[in-house]
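Given next are the chains, with one letter for each unit.
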Amino acid sequence: MEMILAGIREAIHLLISGDPLVWDAAWRSIWVSSTAVFIATILGVSIGTFLARHRFPGKSLVVTLFRGAMGVPTVLIGLIGYALLARQGPLGILELLYTSWGIVLGEVLLALPIIVSLTHGGIKNLDQRIPETALMLGARPLQRWSTYLSEARLAITLAILTAFARCFTELGIAMMVGGNLKLKTRTLSTSTTLETARGEFPRAVAMSLILLLIAILITVVIAWASREERE
Amino acid sequence: MSHALEIRDLQVTREGHSICQVSELTVEVNEWLSIQGINGSGKSTLLRVLAGLDQTYQGMVEISEAVRPVGLVQQNPYLFKGTVLFNLLYGTKANQISEPNSKARTIAQRLGIESLLERDVKHLSGGEKRRVALGRTLILAPKLLLLDEPFADMDDPGIEAICETLGTLEDSTIVIASPTSLPDKLTLNRSVTIG
C-alpha cells in the first residue's frame, strides 16, 4: 500500500513538473487516437448509415462481420497491421511501420467496426416515421441522411466515444505497429508497460493516472449526453 | 371539375388480413372530402396509399398531376429534433419555397403557434405538435392535402385555428380521415364511410 501511495505522490510530482517522457506519451496517445477516430468516424458513420437504410444481397453477412470485428483482440489487429506495413507487406512501400501514422492505421481498423456497428444499430432503430416524414416533406437524399444522423446523434456520439476509449487505452497495436520507440511512437499504454517492467513505478503510475482521467472524462461525457437526450 | 384522384377495387393486405378495402372512390379537384369509419376501418392506410407511403396493394389508385405535390399529416406526426421553426422550414429548401422564413411566420400565426417558433419540440403538447406538423406541410403548398384525424386531442382554440387555416386553402383538394363527425366550421363537399 505504501508503495502505491508513494508512487501516486511521485506521479503527481512528475505530472506537475512536466516530465517530458510522460507528456510526450500523453500527447501522442491523444493525437493518434483522435486522428484514428476522426478517420474511422467519416468512414464508419457513412458505412453504418448505408447499411441501416439500404438493402442488398449479403447485407446481413456484412453487418455480422462488422459486429464480430468489434471483439477482435488488439494484438491480432496489431499483427495484421504489422503484416500490411512490413517492408515485404502490401503497404510496405508507404514506410509507416514504427511510425505514429502506422499506429493510426491500426487504430482505424480497431475503431471502424465499433463505429459502423453502433451507428447501424442507432439508425436502424430510429422511429419509422422519420424516413416517411422526410420523404413526404420532399427531402433529398443528402438531407434525409443528415436527418438520420441528427436524430441518431446520441447513438453516434456514444459510438465515437466508445471507439476513442478503446483506441486510447489499447496496447497491442501501438506495441506491434509502433514499436514503442522513445519520443517517437511511445504511447501511454506502451510506456506504462515499459516503465513498470523497468521498475520506474512512479512514472508508470503517472501515465496510468492520465489514462484513468481520460477514461473518467469519457464516462462523464457519455452520462451527460445520455441525460441531455432523455430530457 | 376533373378527377383529383380515382380508386378502384383497392385492397391492402398485411399478414393475410385485409386492412383496407375501397371498391370505388373518386375525388374531384378542389373538392373537400371526409372519410369516416370506425377505428381499424383502414382510413389511415388509405391516406398512406394516397401519399405513396404504402405501395403494396391490389387495385387501381390514380393521382392526377393537377393535384401534386401531395401533403400528408399523419395521425401521430413525428417532429424532428430541434425547434418549431426548424420543423416548419424543413422541406422548404428541397422544394425551393421562396421567402421561407416569412411564410413560416405567417402560417405559424394562422395556426396560433407563432409564440412557439423558438421552442424545442420536446416541450410541446400533443395539440401543438399536430399544428406544427400541419404548418410544415402547408408551407410546401400541397395541392392535395391528406389529414389523418387532425382534430384528435385538440382543444377549442386549436380546432378553430386549424379550421381557419384550412379555410384559406381555396385551391386545394383536401381529404380528411376522421372516426367522428368534423367541426361544423369546416365546410366539406362530401363525406364517405369506409370499412
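Above this text is the structure in question.
Scope of this entry: the structure provided in the associated data block. (Residues numbered from 1 in each chain as written. Chains lettered and ligands numbered in written order. Predicted model: local features only at pLDDT ≥ 70, side-chain atom pairs only at ≥ 80, totals over all residues.)

## Regarding the overall build of chain A
The helix and strand tally for chain A stands at 11 helices and 0 strands. Ordered by position in the sequence, the α and β elements of chain A form the string α-α-α-α-α-α-α-α-α-α-α. Summarising its shape, the C-alpha atoms of chain A cover approximately 65 × 50 × 25 Å along the three principal directions. Put simply, chain A has 231 residues, and 39% of those count as buried. Considering only residue pairs separated by 6 or more positions, chain A has 77% of its internal contacts joining residues 24 or more positions apart. (Helix = DSSP H or I, 4+ residues; strand = E, 2+ residues; numbered from the N terminus. Buried ≥ 20, exposed ≤ 12 C-beta atoms within 10 Å, placed from the backbone. Contact = placed C-beta atoms within 7 Å.)

## Let's talk about the nonpolar core
Among the nonpolar cores identified, the biggest contains 53 residues, and Leu-47, Leu-50, Val-70, Leu-146 and Val-175 of chain B are the most heavily contacted of them. Those residues in contact with Leu-50 of chain B that lie beyond four places of it in its chain are Leu-5, Val-61, Ile-63, Val-70, Leu-146 and Val-175 of chain B. Among the nonpolar cores identified, the runner-up in size contains 41 residues, and Ala-40, Leu-97, Val-104 and Ile-173 of chain A belong to it. (Core = buried A, V, L, I, M, F, W, Y, C linked by C-beta atoms within 7 Å.)

## Some words on the pairing of strand S6 (residues 144-148) of chain B
All names here are of chain B. By the criterion of burial, S6 is predominantly enclosed, with 5 of the 5 residues buried. With burial as the criterion, each face of S6 is covered, one bearing Leu-144, Leu-146 and Asp-148 and the other bearing Leu-145 and Leu-147. In terms of strand pairing, S6 meets strand S7 (residues 173-178) through 5 bridges, oriented parallel. Note that in S7 the partner of Leu-147 across the bridge is Ile-176. Of the crossover connections in this fold, the one passing from S6 over helix H5 (residues 156-167) to the parallel S7 is right-handed. (Pairing = 2+ DSSP bridges. Right-handed = clockwise from strand over helix to strand, strands pointing away.)

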